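# Notes for the structure review
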Amino acid sequence: MTLDVFDARPKVKKKNKLPENPDTETDDTSVPLGRFPKWLHRKLPKGGNLFKTNEIVEKHGLSTVCEEAKCPNRLECYSKKTATFLALGSACTRACGFCDIDFAKNPKAPEEDEPRRIALSAKDLGLKHVVITMVARDDLEDQGAHHIARIIQEIRKESPSSTVEVLTSDFSGNMKALDVVLDEKPEVFNHNIETVKSLTSKVRHKATYERTLSVLEYAKKQNKSLFIKSGIMVGLGEEKQEVFDTIKDLKDAGCDIITIGHYLQASRLKLRVKRFVSPEEFKAYEEYGLKIGVSNMYCGPFVRSSYNADLLTNMALRKQRG
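Rules used throughout
Residues numbered from 1 in each chain as written. Predicted model: local features only at pLDDT ≥ 70, side-chain atom pairs only at ≥ 80, totals over all residues. Heavy atoms only, no water. Axes fitted to C-alpha atoms, helices over the stretch in contact; angles between N-to-C directions. Helix = DSSP H or I, 4+ residues; strand = E, 2+ residues; numbered from the N terminus. Parallel < 35°, antiparallel > 145°, perpendicular 65-115°, else oblique. Contact = heavy atoms within 4.5 Å. Nonpolar A, V, L, I, M, F, W, Y, C, P; charged D, E, K, R; others polar. Core = buried A, V, L, I, M, F, W, Y, C linked by side-chain atoms within 4.5 Å. Buried < 20%, exposed > 50% of the residue type's maximum accessible area, 1.4 Å probe, protein only. Right-handed = clockwise from strand over helix to strand, strands pointing away.

## Structural notes on the packing of helix 5 (residues 145-158) against helix 6 (residues 175-182)
Between helix 5 and helix 6, the least distance of the axes is 8 Å, while the angle of their chain directions is 5°. Relative to helix 6, the element helix 5 is oriented roughly parallel. Each of Ala145, His146, Ile148, Ala149 and Ile152 in helix 5 lies in contact with helix 6, whose residues at this interface are Ala177, Val180 and Val181. Classifying every residue of the contact of helix 5 with helix 6 gives seven nonpolar, one polar and no charged.

## Section: the nonpolar core
Judged by nonpolar contacts, the single largest core of 67 residues is most densely connected at Phe85, Ile132, Ile148, Phe189, Ile247 and Ile260. Top contributing element to this core by residue count: helix 5, with six residues. Apart from the residues within four sequence positions on either side, isoleucine 148 is in contact with Ala87, Leu88, Ile132, Met134, Val166 and Val181. Counting nine residues, the second-largest nonpolar core is a separate cluster that includes Val188, Tyr298, Tyr307 and Ala316.

## Comments concerning the side chain of histidine 262
Relative to the elements of secondary structure, histidine 262 occurs in strand 13 (residues 257-262). The exposure class of histidine 262 is buried, given its relative accessible area of 1%. Once you skip the residues sitting within four places of it in the chain, histidine 262 turns out to touch Val234, Gly235, Val273, Arg275, Phe276, Val277, Phe282, Gly300, Pro301, Val303 and Arg304.

## Quick word on the pairing of strand 14 (residues 296-299)
Side chains of strand 14 alternate between two faces, with Asn296 and Tyr298 and Met297 and Cys299 buried alike. For the segment spanning strand 13, helix 10 (residues 279-291) and strand 14, crossover handedness is right-handed.

## Describing the pairing of strand 13
Burial analysis of strand 13 places six of its six residues in the buried class, which makes it a mostly covered element. By the alternation rule, side chains of strand 13 split into Ile257, Thr259 and Gly261 and Ile258, Ile260 and His262, which are all buried. Taken together, strand 12 (residues 227-234), helix 9 (residues 240-252) and strand 13 form a β-α-β motif whose crossover is right-handed.

What follows is the structure in structure tokens.
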């Protein structure tokens, strides 16, 4: 049985090695199956852990970006007992054209016990690498920074050997708020640029291309050993050269890790896919990034910012240690 939007990459046999990307297949890639091309069709994952993961997340009353944003990899990740926690509620103060997370001008106040519940859930799942993302909270004075800091603190208490990755908003350019998070010393700081400069105003709400670069650059300057990560979606109408330019801009801003994945329309209310990007094009972006000095590139139709984040971080750590 296959389904258009679910990814089922091969099992990883070698420790800390990213799965070989099946998106590099070239046979008959121009022949569509249904409304998607061949490389966007994957087998459904199997395994009882899928239900176990869901039980643990529900037990602690948490939201995951996997569910809220309708990530195409959610079943695969759940089947491997991993999930990306969504902090500060499930309603965002921004209404980006690509994202299916609920919008609210005045979301509910952050739940005081959420940091503890996230830490306990990560412990129950046995996560060695914990990924925390957040909704934008422009309604809060600190943009939610202290809440994210508390989550990191609780994870350190419950799972002291685990690495932590945070995927934050731009905090509206408030670097003092950003410092609150950086002071907790996560191993990976991630803030996605999402798209090329020319499409930013259409794709993103309030966030700007320049501010994202400034946030990434600032984070790197504050801690040279911190892994800086960002991601791009393609298929929204960008030109190939614009993607190359964005990779270069991210590299110059200090990015150690860049992910590039295919945009998929989560609902009829969201931006439409303008074109299907071929596996060969993803390969070209990956090769270009490595050529200009980006340490870690992960590119393919089903790649997402937190997809295989544990393996990608372990690879980055090994390279850093030489």
